[in-house]
Amino acid sequence: MAQKFDSPKTESELRLIQDTMFNISAASYEYRRSPSFKGLLEIISSDSVILTAIHNIKSNKGSQTPGSDKETMKEDILQRDFNLVLGRVKEAFSNYRPRPLRRVSINKPGKTEKRQLGIPSVIDRIIQECVRLVLDPILEPQFFQHSYGFRPMRDAHMALARVTDVVHKTGHHWIIEGDISKFFERVNHSILLRKLWGMGIHDRRVLMIIKTMLQAGVIGETGTNDLGAPQGGIISPLLANVYLNSFDQWVTREWENKKTQKVYRNRKKTVALRESSNLKPAYLIRYADDWVLITNSKRNAEKWKYRICKFLKGNLKLELSEEKTKITNIKRKTIRFLGFEYKVTKGRSRTGYITRTKPDRDRIATKVKEIHRDIKHLRAASSMEFLIHDINLVNNKIRGLINYYQAATWINISLSIFKERLKYASYKSLLKFGGKWTRANQVNNLISIHESYTEHIAAIEYKGLKVGVTSIGFSKWNKAMLKKPSETPYTPEGRQIYSNRTAKKPLKARADDTLSEHLSMLIATGINGRLYTFEYYLNRAYAFNRDKGKCRICRKEVHRYDLHFHHINKMLPSDLVNKVGNLATMHMKCHSMIHSKLDYSEFGTKIWKSILSFREKLN
DNA sequence: CATAGTATCAC
RNA sequence: AUUGUGAUACUAUG
Ligand SMILES: Nc1ncnc2c1ncn2[C@H]1C[C@H](O)[C@@H](COP(=O)(O)OP(=O)(O)OP(=O)(O)O)O1
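In the nomenclature of an unreviewed UniProt entry, chain A corresponds to Group II intron reverse transcriptase/maturase from the organism Paenibacillus xylanilyticus.

Peer 1: Describe the protein's contact with DNA strand B, with residues and values.
Peer 2: Residues in contact with DNA strand B amount to 17 residues; listed here are only the nearest, F150, Y287, D289, R363 and K367. In DNA strand B, atoms within 4 Å of the protein come from the sugar-phosphate backbone in 88% of cases. Within the side chain of D289, one N or O atom sits 2.4 Å away from a sugar or linking oxygen of DNA strand B. One of the side-chain N or O atoms of K367 is found 3.4 Å from a phosphate oxygen in DNA strand B. Counted by class, the surface near DNA strand B contains 9 nonpolar, 2 polar and 6 charged residues.

Peer 1: Provide a residue-level description of the sheet that holds strand β10 (residues 436-439), including the pertinent values.
Peer 2: Spatially, 3 strands are ordered β10-β11-β12 in an open sheet, and the strand pairing comes out antiparallel. Of all the strands in the sheet, just β10 and β12 (465-468) have a single pairing partner and so form its edges. On average, each strand axis in the sheet is inclined to that of its neighbour by 55°, with strand direction left out of account. Pairing of β10 with strand β11 (residues 456-462), which is carried by 4 bridges, proceeds in the antiparallel orientation. Directly across from R439, in β11, lies its bridge partner H456. Contacts from helix α15 (residues 384-405) reach β11 and β12 within the one sheet, and its direction differs from that of β11 by about 150°. Strands in contact with helix α16 (residues 411-430) are β10 and β11; relative to β11, the strand with the most contacts, it is inclined by about 25°.

Peer 1: So, the nonpolar core: which residues are in play, and what are the values?
Peer 2: Across soluble globular proteins, you tend to see nonpolar side chains buried next to one another. Ranked by size, the top nonpolar core spans 80 residues in total, and within it L40, L196, F247 and I308 carry the most contacts. Among the elements that make up this core, the one with the highest residue count is helix α6 (residues 122-139) (11 residues). Residues lining this core come from more than one domain, with at least three contributed by each of domain 1 (1-142 + 189-224) and domain 2 (145-187 + 227-359). In this structure, I308 is in contact with F247, W250, V251, W291, L293 and L320, ignoring residues within four places of it in sequence. Core analysis: the second largest hydrophobic core is formed by 52 residues, Y148, A159, I375 and Y405 among them.

Peer 1: For the site of the ligand, give the residues involved together with the corresponding values.
Peer 2: The ligand sits among 13 residues. The nearest are K108, K111, R115, K182 and D289. Side-chain polar atom of R115 to an oxygen atom of the ligand: 2.9 Å apart, as the coordinates give it. F183 has a polar backbone atom sitting 3.1 Å from an oxygen atom of the ligand. Burial of the ligand by the surrounding chains reaches 74%, relative to a free accessible area of 580 Å². In terms of residue class, the shell around the ligand is made up of 4 nonpolar, 2 polar and 7 charged. The residues that make up the shell around the ligand include at least three from each of domain 1 (1-142 + 189-224) and domain 2 (145-187 + 227-359).

Peer 1: Before we move on, could you go through the pairing of β11 and cite the residues and values that matter?
Peer 2: Of the pairings in the sheet, the one linking β11 to β12 comprises 4 bridges and is antiparallel in character. Bridge assignment links A459 to a residue of β12, and that residue is G468. A loop of 2 residues connects β11 with β12, the two strands running antiparallel in sequence, and K463 in this loop sits at a positive phi of about 50°.

Peer 1: Which residues make up unusual backbone geometry, and what values go with them?
Peer 2: With glycine set apart, most residues show a phi of negative sign, and most peptide bonds adopt trans. The backbone of A288 sits at a positive phi, close to 55°, despite the residue not being glycine. Overall, A288 belongs to the buried group, its relative accessible area being 8%. For L338, which is not glycine, the phi dihedral falls at a positive 55°. Within the secondary structure, L338 sits in the loop between β7 (335-337) and β8 (340-346). A residue is classified by how much of its surface remains accessible, and L338, at 14% relative accessible area, is buried.

Peer 1: Tell me about α6, and name the residues and values.
Peer 2: Between its first and last C-alpha atoms α6 spans 25 Å; for 18 residues at 1.5 Å apiece the expected length is 26 Å, and the two agree. Along α6, the largest kink reaches about 30° and is centred on L133; proline P137 follows within four residues of it. In terms of burial, α6 is largely enclosed, as 17 of its 18 residues are buried.

Peer 1: Tell me about the protein's contact with RNA strand C, and please be specific about residues and values.
Peer 2: Around RNA strand C sit 28 residues in total, of which R102, R154, D155, G233 and N403 are the nearest. Here the atoms of RNA strand C within 4 Å of the protein split so that 78% fall in sugar or phosphate, with bases taking the remainder. Within the backbone of F150, an N or O atom sits 3.3 Å from a sugar or linking oxygen of RNA strand C. Here a phosphate oxygen of RNA strand C and a backbone polar atom of M153 are 3.0 Å apart. If you list the elements that add at least two residues to the surface near RNA strand C, you get β1 (102-107), β2 (114-119), α6 and α18 (492-501). For the surface near RNA strand C, the leading source of residues is β1, giving 3 residues. For the surface near RNA strand C, a count of residues per class yields 11 nonpolar, 8 polar and 9 charged.

Peer 1: Which residues make up the sheet that holds strand β4 (residues 283-287), and what values go with them?
Peer 2: A sheet is described by the order of its strands in space; here 4 strands give the open sequence β4-β5-β3-β6, paired in antiparallel fashion. Here the strands that pair on one side only, and so sit at the sheet edges, are β4 and β6 (326-329). Neighbour-to-neighbour, the strand axes of this sheet turn through a mean angle of 20°, independent of strand direction. Alignment of β4 against strand β5 (residues 290-295), held across 5 bridges, turns out to be antiparallel. Each bridged residue has a counterpart across the sheet, and for R286 the counterpart in β5 is W291. Here helix α10 (residues 236-253) sits on the sheet in contact with β4 and β5, set at roughly 170° to β4.

Peer 1: Would you mind going over the packing of α15 against α16 in detail, with residue names and values included?
Peer 2: At a minimum axis separation of 12 Å, α15 and α16 run at an interaxial angle of 175°. Viewed along their axes, α15 and α16 adopt a mutual orientation that is roughly antiparallel. Of α16, the residues touching α15 (which contributes L387, I391, I402 and Y405) are I411, L415 and L430. By residue class, the composition of the contact of α15 with α16 is 7 nonpolar, no polar and no charged.

Peer 1: Go over α18 with me, naming the residues and quoting the values.
Peer 2: Of all the residues in α18, the buried ones are G494, R495 and S499. One side of α18 holds all its buried residues, which, seen down the axis, span an arc of 130°. Exposed residues on α18 whose side chains face more than 90 degrees from its buried face are E493 and N500.

Scoring rules and cut-offs
The residue count restarts for each chain, going from 1 along the sequence in the order it is written. The lettering of chains begins at A and the numbering of ligands begins at 1, in the order of writing. A pLDDT threshold of at least 70 governs which residues receive local features in this predicted model, and a stricter bar of 80 or more applies before side-chain atom pairs are shown or counted, although totals over entire chains, interfaces and linings include all residues. By convention in this description, side-chain values take in all heavy atoms of the structure and omit both hydrogens and water. It suffices for a single heavy atom of a residue to lie within 4 Å of a molecule or strand for the residue to be listed as near it. Polar contact is the term for a pair of N or O atoms within 3.5 Å; when the atoms are in protein, one must be able to donate a hydrogen and the other to accept it, and sequence-neighboring residues count only if both atoms are side-chain atoms. Charged means Asp, Glu, Lys or Arg here, nonpolar means Ala, Val, Leu, Ile, Met, Phe, Trp, Tyr, Cys or Pro, and polar covers whatever is left, Gly included. Strands are labelled as partners when DSSP assigns at least two bridges between them. Per the convention used, a helix needs a DSSP run of H or I reaching at least four residues, while a strand needs a run of E reaching at least two, with both numbered from the N terminus. Note on method: axes are straight lines fitted to C-alpha atoms, helices fitted across the in-contact stretch only, with angles between N-to-C directions ranging 0 to 180 degrees. Every residue pair with non-hydrogen atoms within 4.5 Å of one another is taken to be in contact. The criterion is simple. A nonpolar core is a set of buried Ala, Val, Leu, Ile, Met, Phe, Trp, Tyr and Cys residues joined through side-chain atoms within 4.5 Å. Accessibility here uses a 1.4 Å probe with only protein chains present; expressed as a share of the type maximum, an area under 20% marks a residue as buried, one over 50% as exposed, and anything in between as partly exposed. Start and end positions for the domains come from either an automated domain assignment or a database one. Note on areas: Shrake-Rupley with a 1.4 Å probe; residue coverage comes only from the protein chains shown. Under the convention used throughout, the expected extent of a helix is 1.5 Å for every residue step, that is, one less than its residue count. Here the bend at each residue means the angle between axes fitted to two seven-residue stretches, the one ending at that residue and the one beginning there. Geometric relationships in this document are graded by angle, where less than 35 degrees denotes roughly parallel, more than 145 denotes roughly antiparallel, 65 to 115 denotes roughly perpendicular, and other angles denote oblique. What the arc describes is the spread of directions from the helix axis to the C-beta atoms.

And the structure:
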């Protein structure tokens, strides 16, 4: 019954393993059994997993900042010898000893209390990502359907859509808002490891690695850490979901899951059954440590709150935050969930009530204040170019804000309060640059949004182009969609649904696939004894991908035995010379034609022209 | 049709 | 200076 896999040799083999793991795990879950995966460490520490891990996290913003040692992604991984780096990561896997975390305190929005981050060193981030790559497909299918935080292809809007859906379908209006106090800091290591085992991670070496990861101490402090998962660790969010999964299962076992099993029974029978049982209705929607539970009466809400409190304390050693955990009748008062205010009002619908959502008042107010400051700051721009850059920055902020709160039914009304104030401030700031009131559909920036508005906004004109400060009023409600459970990154169908939903966006699946093939192919071509940096390896693959595997001189397919990557300009400084833009795929023969001085016009004008143009760029 | 950079948000 | 997971939007380049 236990599952073992060969280590992946290529990235598409890794993907296949991930898909297979997901399938096995999902199948066991259907039959209410837990899967059993062994020999995971071999997969986790294989070349292609390490490569994928580095590829995944190398462009994180935080990769530029070191952990407790002084190492950064760029200097100590990407610009080092390829095999040296691989060897170093593999070495770290045997007898794993994480470096201490760097402690940084950041502000929590709207609170005086600070958030304590624990930042792992770069090498430990790579290790964590390797583990995550393999554990995620195993754990993902076992998670609760209506847990939305930290999970792929799910977001806060879907959680909100689920709340609306349940309220509308059931007509229930008593809600518990729950928040777990200091969630990550309170995660108990041995309970967590038991849960991982219970979910099918049956490789003790991997569990040991996770254990030592969690125990990593903090720089400047003595000893190891016996409680909590670091805020800043790459696997911490995944582990957090593992930890609370039993909570989800426990709550939903008694009502939500029972109910779905009876869905095929005839209606009368189901209703009768529910009334006669002493079960209390409960619909849970969870986002990380933030959850709501929907039920039908105040009494039941209180009962559930009491029972949940006891469960969390007894089984998970967690506490509910007293001030943030409230019981509310959403016909009378709003609840706050995921940055939205949520309530129902009388209206035309099956239940006689319709939902009303608004952006959280306090949060939107502080954001608008920030934007107001930025707009006033526009007048300090030192040149027209900088001004345009700053306007774009402001526009980005406004669009970003609207983008998130679009899911609120009352977005337009809520944001319009601030509209005039911001517009007037923009006009005043732009005045000294010749700013004028301009119809939105006549400016040249953000055309896709502005073309449908005739309202006046403040805009400047530069070289015949009109650049306007967008309005916070250019927003309209966009109904959030419910999550399709079959949409997952680990099945072909799931990926298809995802790419359909995200419209004409590039097909992520296929892109990754081709990239992966080429990555591993290139690795197979060997190293020739020369010093190649890690970055060069990745970038060769990207360049090959961009050129679609064709020679840039003769446009024919290149096979691995006569593949060469031409440095378009060899004289560039060392950190630029290996960038994708400076690499061109070609045959070795074609390459030698660039560097010789002979006339090759006999091969046809197209080829000759390409050769000449590459020769020009050499110096 | 691809990659890379900025921004917003949730936790 | 500020880490992480996830989502979204815009812009730029070949
Ligand atoms: N910026 C962040 N970086 C890393 N992890 C984060 C970040 N924000 C939130 N998290 C994770 C760690 C938190 O324990 C968890 C829940 O967040 P949150 O509820 O805001 O705070 P908290 O549970 O740590 O304290 P409390 O709820 O008592 O204020 O999500």
